[in-house]
Amino acid sequence: MSGLPERLSVPPPARPPRPLTEAEQARYVAVADALCRGDQRVPPPSGCTEFPRRLHLALALRAEAFDAIVRALAAVPGTAEELEPWLRRLHDEDPAMFAALSTVAAGAYLLEPAVRAALGYPGQHPDPPAPDEALREIGDGILDPVRRRGPRYRLPPDGV
Amino acid sequence: MAEPDADVVVVGAGPAGGVVTCTLARRGFRVVCLEQGDWVRPADFPANGPEWELEIQRRWAHDPNVRRLPSDYPLGVDGAELSPVMFNAVGGSSLFAGMEWPRLLPCDFRVRSLDGVADDWPIGYSDLAPYHDAIDRFVGVAGVGGDPAYPPGLDYPLPPNPIGGPGRRAAEAANRLGWHWWPGTNAIPSRRHGEIAGCTRWGTCEWGCPEGAKASADLAYWPPALRAGATLVTGARARRVETGRDGRATGVVWLDRAGVEHLARARAVVLCANGVGTPRLLLLSAAAAHPDGLANSSGLVGRNLMLHPNCSVTGFYDEDLASWLGPAGQLVYSMEFYDTRPEHDFVRGIKLHALPTPGPLNAVEAQRRLGYDAAWGANFLRAAGAHAGGILWAANTEDLPEESNRVTLDPDRSDDSGIPAPAIHYRISENTRKLLGFAVARMEQLHAAAGAVRTVPVELWTDQPGHLLGTARMGSDPRRSVVDAFGRAHDADNLFIADGSIFVTGGSANPTSTITALALRVGRHIADTARSAR
Ligand SMILES: Cc1cc2nc3c(=O)[nH]c(=O)nc-3n(C[C@H](O)[C@H](O)[C@H](O)COP(=O)(O)OP(=O)(O)OC[C@H]3O[C@@H](n4cnc5c(N)ncnc54)[C@H](O)[C@@H]3O)c2cc1C
Ligand code: SF4
């Protein structure tokens with residue numbers, strides 16, 4: 001039926017209201033560089049060629065915050081020296097705004113395979129345990145102290 | 001009356017509705033279940049993509065007021081210190097549940113007799129035990145039998161899931177402190193169990209299992225219910241229960257996706273819309289003969305809302321604990337402080353459970369509250385890298401029933417179908433505040449004993465009580481309760497309630513094992529009494 005949502009219990013495909021302009025994107029990359037510094041293992045966001053594409057995806061997933069984020073980007077200071085103090089001020093004075101701006105930046109950066117590898121994050125994936133893994137883990141006597149202390153439940157006056 | 005469309009109409013296709021429908025359909029009854037949501041498949045869940053941590057912030061949030069899917073209804077929470085969370089779909093909130101599967105303890109059913117507070121249940125631990133056993137076998141609960149926190153005889157059909165690095169470390173700390181702990185009991189089969197796959201440790205149980213490895217109701221109860229001939233109508237919003245001149249239920253009025261109204265006539269109606277949705281529907285069913293709502297002669301419909309306020313302490317360790325591995329699901333739990341103790345300045349207690357901490361963005365989000373320098377700038381990679389060495393200790397606290405904590409109809413809000421939304425009125429009591437503070441202190445102690453390098457306490461999760469209890473409580477006195485011990489409304493003998501609404505007190509055990517055991521008991525009782533009536 002036209003006009004009715006196809007899926008009731010699944011969100012529709014994610015889309016940001018519009019792509020960032022070049023100027024907005026440049027500012028966001030600078031913000032991301034300040035928030036998510038790389039190290040000797042991984043480049044900062046500005047050094048990741050796919051970062052703008054990932055930023056676009058992250059914004060799509062937080063589309064409800066898009067307008068506020070764009071407003072914040074418009075206020076980003078022009079020089080690198082001013083940027084960090086500005087972010088710290090935003091953190092203290094407008095925590096909700098800072099949360100949206102920073103989680104999108106961090107979320108996009110953490111999609112970089114090189115960053116994930118450096119953090120030892122394999123992503124959520126199926127990793128079935130060996131059949132005896134669970135029993136091996138608790139089969140070395142780790143439960144003995146609990147068993148030794150014995151029953152600990154309280155029975156009501158009329159029994160169980 | 002015209003020939004009914006069904007013997008029984010059930011509202012809500014979560015665990016409670018699934019159990020009732022499956023039980024009655026297998027006994028040969030014609031059952032129609034109305035569910036406002038629709039199906040979600042394992043491939044739909046956010047964890048299928050690397051961006052899952054962003055997906056769960058809004059689009060797949062636990063809180064329906066944040067998520068706002070077409071199946072959701074808004075909750076008026078202006079008068080509430082907590083926002084109840086739920087999921088509306090075939091399978092209900094169990095699609096999001098961690099499937100921690102503890103039973104209540106014997107003391108939970110006799111809080112008035114033992115502690116002089118709240119009320120006793122009209123049934124006890126041993127009344128429910130056989131229903132628990134049947135449900136556990138049906139859904140494939142994994143765990144270790146013989147937990148000394150429970151009376152003898154408690155065992156599970158499947159071997160446990162691994163407790164993993166975080167579970168081991170948490171357990172060693174509990175041993176060091178001399179406290180009770182036990183490997184997690186979860187309705188997450190450790191190997192294939194009928195329709196349900198064996199757990200492959202995706203670790204994202206609370207946002208849907210991509211493997212189909214949780215005993216969520218869509219997998220555990222609905223396939224057998226449909227095979228047994230039950231009818232499930234999705235996209236069906238129940239608007240009110242209709243009653244006849246004799247006050248008995250005659251059916252349920254519902255709206256389809258296009259907003260067209262229908263009446264499903266039935267010999268009996270069973271409400272399984274959860275502890276918020278069920279009282280909402282009863283209040284929506286007010287009529288000239290019952291102006292304050294259906295089954296509400298006691299005035300208790302919607303009252304005594306209990307939510308198990310949650311708190312947590314996440315600890316980060318200098319060790320790779322592979323904390324992205326599931327289940328999540330409780331790895332281990334502790335009942336050390338579950339019951340009242342003379343030395344405490346509060347009654348009742350807490351259930352503690354340890355879980356993994358999957359995802360680097362989630363790790364950053366957890367540490368955000370420690371200040372700018374804990375998570376950002378030069379320390380960002382360290383904060384994100386903490387994901388692998390995290391242990392989340394969390395607690396359910398036992399909030400006692402209070403009539404002022406309640407669900408009413410919201411005069412200002414309605415759902416997409418124009419049906420008035422529920423309003424939540426909920427204040428955390430003095431006793432519960434003490435429990436929360438006590439729980440955080442104990443969890444800090446556990447992390448200290450385990451050698452955490454950094455901890456992040458959260459004194460109250462404002463959006464995480466998915467445990468919706470008490471709003472149509474059971475009892476033998478019709479003046480003090482809404483339904484009897486079998487979920488039958490005192491005011492209408494063919495109207496039943498089979499979800500968390502009928503709890504008298506909540507304990508602090510995660511409630512769904514008890515909800516499903518009660519639902520099985522209600523379902524069998526309906527079948528047994530309908531047969532003998534015939
Ligand atoms: C994030 C999260 C984690 C959880 N973890 C655990 C856990 O580890 N262990 C545990 O025991 N419990 C857990 N829970 C709680 C558990 O999910 C619930 O206790 C359980 O799902 C309740 O089952 P139910 O069938 O009573 O209600 P629900 O599962 O909420 O199902 C009710 C159904 O009724 C439908 N409905 C409501 N109103 C209407 C209407 N008017 N018309 C048509 N349909 C309607 C809804 O759409 C919904 O599908 C968790 C919950 C959440 C949200
Ligand atoms: S841990 Fe198991 S149950 Fe949880 S999401 Fe992964 S496979 Fe599914």
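All of the points below concern the structure found in this document. (Residues numbered from 1 in each chain as written. Chains lettered and ligands numbered in written order. Predicted model: local features only at pLDDT ≥ 70, side-chain atom pairs only at ≥ 80, totals over all residues. Heavy atoms only, no water.)

Focus: the overall build of chain A
What counts, and what does not: Numbering goes from the N terminus for both helices and strands, where a helix is a DSSP run of H or I of at least four residues and a strand is a run of E of at least two. Radius of gyration here is computed from C-alpha atoms only, and the compact-globule reference equals 2.2 Å multiplied by the residue count raised to the power 0.38.
Looking only at helices and strands, one finds eight helices and zero strands in chain A. Counting helices and strands in the order they occur from the N terminus, chain A gives α-α-α-α-α-α-α-α. In summary, chain A has a C-alpha radius of gyration of 24 Å against a globular reference of 15 Å for 160 residues, an excess of more than 25%. Dimensions of chain A, computed from C-alpha atoms along their principal axes, come out at roughly 70 × 55 × 35 Å.

Examining the interface of chain B and chain A
Spelled out, the test is: Contact definition: two residues touch when any of their heavy atoms are within 4.5 Å. Here the quantity called buried area is the total loss of accessible area, with a 1.4 Å probe, experienced by two parts when brought into contact, counted for both. Put simply, a salt bridge is a Lys or Arg side-chain nitrogen that is within 4 Å of an Asp or Glu carboxyl oxygen. Whenever a nitrogen or oxygen atom comes within 3.5 Å of another N or O atom, the pair is scored as a polar contact, on the condition that within protein one atom can donate a hydrogen and the other can accept it, and that pairs from neighbouring residues in sequence are kept only if both atoms are in side chains. Amino acids outside the nonpolar list (Ala, Val, Leu, Ile, Met, Phe, Trp, Tyr, Cys, Pro) and the charged list (Asp, Glu, Lys, Arg) are all regarded as polar, and Gly is one of them.
Contacts between the two partners involve 88 residues from chain B, matched on the other side by 73 residues from chain A. In this assembly, chain B packs against chain A so that about 6600 Å² is buried in total across both faces, 62% of it on carbon and sulfur atoms. Summed over the shared surface of chain B and chain A, the number is ten salt bridges. As a salt-bridge pair, Asp-115 of chain B and Arg-154 of chain A come within 3.0 Å of each other at their nearest N and O atoms. Across the chain B-chain A interface, the total number found is 38 residue pairs in polar contact (both at pLDDT 80 or more). Within the residue set of the side of chain B that touches chain A, elements represented by two or more residues are α2 (52-55), α4 (111-115), α5 (125-139), α6 (164-177), β4 (182-183), α10 (360-368), α11 (372-375) and α12 (380-385) of chain B. The element contributing the most residues to the side of chain B that touches chain A is α6 of chain B, with five residues. Here the residues of the side of chain B that touches chain A are counted per class, giving 43 nonpolar, 23 polar and 22 charged.

What to know about the sheet that holds strand β11 (residues 350-355) of chain B
Residue and element names in this part refer to chain B. Formally: Strand pairing is assigned whenever DSSP identifies at least 2 bridges connecting the two strands. Note on method: axes are straight lines fitted to C-alpha atoms, helices fitted across the in-contact stretch only, with angles between N-to-C directions ranging 0 to 180 degrees.
If you walk across this open sheet you meet the six strands as β4-β10-β11-β12-β9-β15, and the pairing is antiparallel. Two strands bound the open sheet, and with one partner strand each, they are β4 and β15 (454-458). As paired elements, strand β9 (residues 310-316) and β15 share five bridges and run antiparallel to each other. Within β15, the residue paired with Phe-316 across the bridge is Arg-454. Docked against the sheet, α6 engages β10 (332-334), β11 and β12 (390-397), running at close to 65° with respect to β12.

Let's talk about the pattern of salt bridges
Going through the model one piece at a time under the given rule, you end up with 52 salt bridges over all chains. Measuring nitrogen to oxygen at the nearest pair gives 3.2 Å for the salt bridge that ties Glu-64 of chain A to Arg-58 of chain B. Of this pair, Glu-64 of chain A sits in the loop between α2 (51-61) and α3 (66-74) while Arg-58 of chain B sits in the loop between α2 and α3 (64-67), placing the two residues on different chains. The salt bridge involving Glu-336 of chain B is made with Arg-152 of chain A; its shortest N-O contact spans 3.2 Å.

Re the nonpolar core
The line we're drawing: The definition of a nonpolar core used throughout is a set of buried Ala, Val, Leu, Ile, Met, Phe, Trp, Tyr and Cys residues joined through side-chain atoms within 4.5 Å. Working definition: with a 1.4 Å probe on protein chains only, accessible area under 20% of the residue-type maximum means buried, over 50% means exposed, and in between means partly exposed.
Residues Trp-121, Val-270, Leu-271, Trp-393 and Leu-495 of chain B are the most contacted members of the largest nonpolar core, which totals 159 residues. A per-element tally of this core places helix α13 (residues 430-450) of chain B first, with nine residues. Grouped together as the second largest cluster of nonpolar side chains are 48 residues, Cys-36, Phe-51, Ile-69 and Ala-106 of chain A included.

Notes on the site of ligand 1
Residues and elements named next belong to chain B. Where we set the bar: Proximity is defined per residue: if any heavy atom of the residue lies within 4 Å of a molecule or strand, that residue is considered near it.
Taken together, 36 residues lie around ligand 1, and Ala-16, Glu-35, Ser-93, Ala-238 and Thr-512 are the ones closest in. The contact in question runs from an oxygen atom of ligand 1 to an N or O atom on the side chain of Asn-88, over 3.2 Å. Side-chain polar atom of Thr-512 to a nitrogen atom of ligand 1: 2.7 Å apart, as the coordinates give it. Every element with two or more residues in the shell around ligand 1 is listed here: α1 (15-26), β2 (31-35), β6 (237-243) and α14 (512-533). Per-class residue counts for the shell around ligand 1 are 17 nonpolar, 15 polar and four charged.

Focus: the pairing of β12 of chain B
A regular strand carries its side chains on alternate faces of the sheet. Residue and element names in this part refer to chain B. Counting buried residues along β12, eight of its eight residues qualify, which places the element largely inside the surrounding structure. The alternating pattern of β12 places Gly-390, Leu-392, Ala-394 and Asn-396 and Ile-391, Trp-393, Ala-395 and Thr-397 on opposite faces, both of which are buried. As judged from the seven bridges shared by β9 and β12, these two strands associate in the antiparallel manner. In the strand pairing of β12, Cys-311 is matched with Ala-395. In this sheet, β12 lies alongside β11 in antiparallel orientation, the contact comprising six bridges. If you follow Lys-351 over to β12, its bridge partner there is Asn-396.

Let's talk about the packing of helix α4 (residues 80-93) of chain A against helix α5 (residues 95-109) of chain A
Residues and elements named next belong to chain A. Counted only if it meets this: Orientation labels follow simple angle bins: below 35 degrees gives roughly parallel, above 145 gives roughly antiparallel, 65 to 115 gives roughly perpendicular, and whatever is left gives oblique.
Look at α4 against α5: their axes get within 5 Å of each other, and the N-to-C directions meet at 125°. Considering their axes alone, α4 and α5 lie oblique with respect to each other. Within the contact between the two elements, α4 uses Trp-86, Leu-87, Leu-90, His-91, Asp-92 and Glu-93 and α5 uses Pro-95, Met-97, Phe-98 and Leu-101. Class assignment for the residues of the contact of α4 with α5 results in seven nonpolar, one polar and two charged.

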